[in-house]
Amino acid sequence: MTAGLSRRGFLQSIAASTLVLTTPSFVAKVAASVSEVTDLPIPDYDSWQDIYQTQWSWDKIAKGTHLINCWYQAHCAWDVFVKDGLVYREEQTAEYPQTNSDVPDFNPRGCQKGCSFSNRMYDATRVTHPLKRMGERGEGKWKRVSWDEALTDIADRYIDVTVNEGSDRTIWDCGPGLDLATSSAAVFRFSKYTRSVILDMNTEIGDGHRGALETMGKISGERSADDFFYSDLILIWGSNPIYTQIPNAHFYTEARYNGTKIITISPDYNASATKSDLWVPVKPGTDAALAMGIARWLVEHEKIDRAFMAEQTDMPLLVREDTDKFLTEADMVASGSAHGFYFFDTATNAVVSAPRKSLSLGELDPDLDASTTVTLLDGSEVKVRTVFSRLKDTLEDYTLANVSKICGTGEKMIELMAESIGNSKAMTNVTSSSLNKYFHGNLIERSMIMVFALTGNMGRHGAGYGAFPFLTPDGFEPFMMLPNMHSLEQFAHQVHGMVEEKVAEGMTEEMATYDITKMLFATNSPFPQVTSGTLFWAIHGGIKDLHDDNWTPFITRPVSDYVMEAVNSGDQPLLPPSGTTPRIIFHFVSNSLRRVRGGDILKEKLWPKLELSVCLDMRMNTTAQHSDYVLPCAAWYERNSFKWVTPLSPFLTATTAATEPLGESKPDWEIVLLLSEYIQKRAKERGIGTVKSPYGEDIALDKLYDQVSMNGEFGPKDEEKVAAAILDLSSNLDGVTWDHLKEKGFAKFTSHGHEGLSLGNMTDFKEGETIVPHTHHVDKKVPWPTTTRRMQFYIDVDRYLEMGETLPMHKEPPKIGGNHPFMLTGGHPRESIHSTWRDNPLMLQLTRGEPFILICPFDAHSKGIEDSDVLRVFNDVGEFHVKAKLSPSLQPGQLLIYHAWEDYQFIKGSMRNVTPSPINPVELVGNSGTHLDPRFTTGQPSTFDRDARVDVEKIEA
């Protein structure tokens, strides 16, 4: 390839992309520009007529998808049309099979973001050559350098830091774009052999579903979207699928045409509310009170499924009145287990041990309302009663009148919703992670799940609570771990042995798998090294310095005390340890300076300590602007991979290299392999061999490439070979090969497989049937992976006792940011997936083209604010400037700004400046011997941005 055009010239020449729909010579300009950074000929386009007349001709069609965290709407198969070496356009592949004749099919799948990605590939933000910072970070002064120069410098600085300070001083900041396929394989293998640290961002982005973990022992479990057709009631609670799940939206609307009732519960009258039978307005952050009020109504009117509660939940288990802890075998018999529990059996009129190996009760008949006295091992007597009895006491406070006062929802509206739930035969919800982003999101989710459990709406067609939807090929995990492909059998035997050993100890396979994933957080383990992104940014990034303990008056001591206690005790592992300093950060499919709540402080607290900040990306985003190197990544239509999906659309979708990477950009796999190759080369040249990690592990810098590449079996150019190997190692795609996947574009999953999160679905994938989660628990009586082995609503862990959160309940949202009149809420935008499309010219044409904040007209007029006025939004920790958009859909006292705007799009600052996100102490529980201990993607503290309190004032533009 030639280098006849500078990056600046290239970007200037394609700046006309903002006029793509109206400028006749747009494609000609792009083609001419691209030809100067590649060896492609200049196509003969002269006018829009030429383009229009030839738009239905092409040189080839490739299969593609978008390796971004679309998540709930999963990923979509596209036909990518190539002409003259350019991606010309993309169209939805409408070939998905129908599950059966009773339900809608999945066609077509796609959205406006997907159909404009070819525009994103060639717009002004694209980086096509390695760039080295020349001025101050963020100053915007760059020099184009060669790959050799960039990788040599990065390798030398990496070696210096690793040798002089330690392997854990290098951080892989992995964002929501992780594919768990070819790209991720490179990073996870690099981490395994270098003991560098991968940030687990799932709870850090607010997707940890803490309430689901507390109640179900896991966060994953979801149905296929066509199963909604079997529901008679769908709750859109804390989500907006018409807005954010465009490919799935037709399932909800078609189900409604089929007779399904839809209720939307949200503070604002959003797009989904307009398609519902009932909209239930609720004050932001008070959803737990609404759920508790509904639960009280259900119990009062006996609209509950007692048999389900007795078998599947902890409702009949006995709790001691003196300690508020479960009555356990350790209390009753010598050498008894602390995890053996009791209920009162009406069949024998005695206190008996609850079954642990199976949920099947047999002849047992647990009393949900039991209250009795038992004699303990030491001879003393203590009163005990059931969880359900305690719950009924808690529910006493949640009368319709009290709940209405808390939520701002009319009593008749609450009762109407409760009646709809009580009379439903098959109720489900539309999942999202919005409510998890409230400080008490765990209590909200626990309360919502309780409504489903009380009514027995779990594990049936059309019925069940969906939390974290996840499904991925289970061949990724062995590939990231194998020293070479010849050791597969040995590795499989090793892992199988670990699982079997834990099963022999009494765990289910699901429990054993989760227990093994905890090893990702352990030093001296064979797994890659992972740490909590939330804790990393809070402690090393300085986010905790923003917190004011007056915001959370129900906490008895400073939040920072809880945080440091958890980290120093090892309850919540942190790498590098507190008191040391990270030195190198690789930003990998991550835009942390845009994403991290309160993240503006990172540039003040952490960035000055960094020896090196390297951004691997295809475009110049906020984080790239503050990096030392920007390494250009291939766009998604220029590489070969696939990405995890969700059961909502249970199809693995491929992207293939439709064209060569633009300029000198490279696929992620190739970049990381080249980096390991350069580190090995420079280590040898400098006479450096094996060094010790701070935890005593051997790191062979002079053999790093050999280890990461499996002795050259998978080299920098072998991305397709990696994809093929991962599929070959997978058990849940029924023998689908890479050749088949790249030709067809998608393949249907045949089981959830053995990977931890996917395993959480706990169901059989049956031909001709929709997917229903948790049937293994409900039908096969496999215990839930909680401490009690049932859906657990009572948590007797000391921290929960301290906080008064043993049972689901409502707590008022803390006034994060200070005592200000407005609560700042948010949501996913319709026009972007995270920040990837947020500054895309085509998507900006669908909205106001710049950041805006929604405000209720009542509030606006009281402050003299008109539409499009510039506002100063501020609180005790920061401010930002943004334009106002008056919206009657909002409640008074509520502001709403959709997420993902880049810093440089704001007039001043960004919304992160007012969202400091203190950590909730209950989420710091660890090493408790319960299902709450931290593991990959969950059991770590979350971040919150929905509780921020702010004020606004009009300022001059």
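Rules used throughout
- Residues numbered from 1 in each chain as written.
- Predicted model: local features only at pLDDT ≥ 70, side-chain atom pairs only at ≥ 80, totals over all residues.
- Heavy atoms only, no water.
- Buried < 20%, exposed > 50% of the residue type's maximum accessible area, 1.4 Å probe, protein only.
- Helix = DSSP H or I, 4+ residues; strand = E, 2+ residues; numbered from the N terminus.
- Pairing = 2+ DSSP bridges.
- Patch = residues over 30% accessible without salt bridge, like charges linked within 9 Å, V, L, I, M, F, W, Y side chains within 5 Å.
- Areas by Shrake-Rupley, 256 points an atom, 1.4 Å probe, with all protein chains shown as cover.
- Salt bridge = Lys/Arg side-chain N within 4 Å of Asp/Glu carboxyl O.
- Lys, Arg positive; Asp, Glu negative; His and termini not counted.
- Charge placed at Lys NZ, Arg CZ, Asp CG, Glu CD.
- Expected span 1.5 Å × (residues − 1).
- Phe/Tyr/Trp six-rings, centres within 6.5 Å; stacked < 30°, edge-to-face > 60°.
- Lys NZ or Arg CZ within 6 Å of the ring centre and 35° of its normal.
- Axes fitted to C-alpha atoms, helices over the stretch in contact; angles between N-to-C directions.
- Contact = heavy atoms within 4.5 Å.
- Polar contact = N/O pair within 3.5 Å; in protein donor to acceptor, adjacent residues only side chain to side chain.

Re the pairing of strand β3 (residues 86-92)
Item 1. A large share of β3 lies buried, amounting to five of its seven residues.
Item 2. Note that strand β2 (residues 78-83) and β3 share six bridges and pair antiparallel. Counterpart to aspartate 79 in the pairing with β3 is glutamate 91.
Item 3. Hairpin geometry of β2 and β3 is characterised by an intervening segment of two residues between the two adjacent antiparallel strands and by a positive phi of about 55° at aspartate 84.

Points about a negative patch on the surface
Item 1. A cluster of acidic side chains, namely Asp548, Asp549, Asp561 and Asp876, defines a negative patch on the protein surface.
Item 2. Checked against the element boundaries, aspartate 548 lands in the loop between α20 (533-540) and α21 (559-569).

Remarks on helix α15 (residues 411-422)
Count 3.6 residues to each turn of an α-helix, and residues three or four apart come out pointing the same way.
Item 1. End to end, α15 covers 16 Å across 12 residues, agreeing with the expected 16 Å (1.5 Å per residue, within 8%).
Item 2. For α15, every residue scored as buried is listed here: Ile414, Met417, Ala418, Ser420, Ile421 and Gly422.

Looking at the pairing of strand β30 (residues 894-898)
Item 1. The element β30 is largely enclosed, with a buried count of five among its five residues.
Item 2. For strand β26 (residues 822-827) and β30, the ladder comprises five bridges, and the chain directions are parallel. Its bridge partner being in β30, leucine 824 is matched across the sheet by leucine 895.
Item 3. With two bridges connecting them, strand β27 (residues 852-855) and β30 associate as antiparallel partners. When the sheet's bridge partners are listed, leucine 854 is paired in β30 with leucine 896.

Observations regarding the packing of aromatic side chains
Item 1. Summed over all chains, the structure comprises 31 aromatic pairs.
Item 2. Consider the rings of phenylalanine 228 and tyrosine 252, whose centres lie 5.0 Å apart with planes at 80°: the pair is edge-to-face. Note that phenylalanine 228 is positioned in the loop between α7 (210-216) and β8 (233-237) and tyrosine 252 in helix α9 (residues 249-257), a separation of 24 residues in sequence.
Item 3. With 6.0 Å between their ring centres and 35° between their planes, phenylalanine 468 and phenylalanine 470 make a pair best called tilted.
Item 4. Exposure remark for phenylalanine 470: the relative accessible area of 4% places this residue in the buried category.
Item 5. Joined through ring pairs, the aromatic side chains of Tyr96, Phe106, Phe251, Phe651 and Phe746 make up one cluster.
Item 6. For arginine 89, the ring lying beneath its charged end belongs to phenylalanine 81, and the centroid distance is 4.3 Å.
Item 7. Between arginine 189 and the ring centre of phenylalanine 479, over which it is positioned, the NZ or CZ distance is 5.8 Å.

A closer look at unusual backbone geometry
Item 1. Here the residue pair asparagine 107 and proline 108 is connected by a cis peptide bond, since its omega of -20° sits within 30 degrees of zero.
Item 2. Here proline 108 lies in the loop between β3 and α4 (117-121).
Item 3. For the bond from leucine 575 to proline 576, the omega torsion is -15°, close enough to zero to count as cis.
Item 4. Structurally, the position occupied by proline 576 is in the loop between α21 and β18 (584-588).
Item 5. Unlike most non-glycine residues, aspartate 734 shows phi in positive territory, near 50°.
Item 6. Turning to its location among the elements, aspartate 734 is positioned in the loop between α27 (719-728) and α28 (738-744).
Item 7. The exposed category is assigned to aspartate 734, whose relative accessible area is 64%.
Item 8. With a phi angle near 65°, lysine 781 is a residue other than glycine that sits in the positive phi range.

Structural notes on the sheet that holds strand β4 (residues 131-133)
Item 1. If you trace the eight strands from one edge of the open sheet to the other, you get β5-β4-β20-β19-β18-β6-β7-β17, paired in mixed fashion. The open sheet has two free edges, formed respectively by β5 (142-144) and β17 (529-532), since each of these has just one partner strand. Going across the sheet, the axis of each strand differs from the next one's by a mean of 25°, ignoring polarity.
Item 2. Bridge analysis of strand β6 (residues 170-174) against β18 gives five bridges, and the strand direction is parallel. When the sheet's bridge partners are listed, isoleucine 171 is paired in β18 with isoleucine 585.
Item 3. Strand contacts of α20: β6, β7 (197-200), β17 and β18, with the helix running at about 65° to β17, the strand carrying the most contacts.
Item 4. Of the strands in this sheet, β6, β18, β19 (612-617) and β20 (629-632) touch helix α25 (residues 668-685), which is tilted by about 160° from β18.

Examining the side chain of arginine 946
Item 1. One can find arginine 946 in the loop between β30 and β31 (949-955).
Item 2. Engagement of the side chain of arginine 946 in a polar contact is seen with the side chain of aspartate 945, the distance being 2.7 Å.
Item 3. What arginine 946 contacts, discounting residues up to four positions off in sequence, is Ser434, Lys437, Tyr438, Met823, Leu824, Thr825, Gly826 and Gly827.

Shape is all these values report; function is a separate question.
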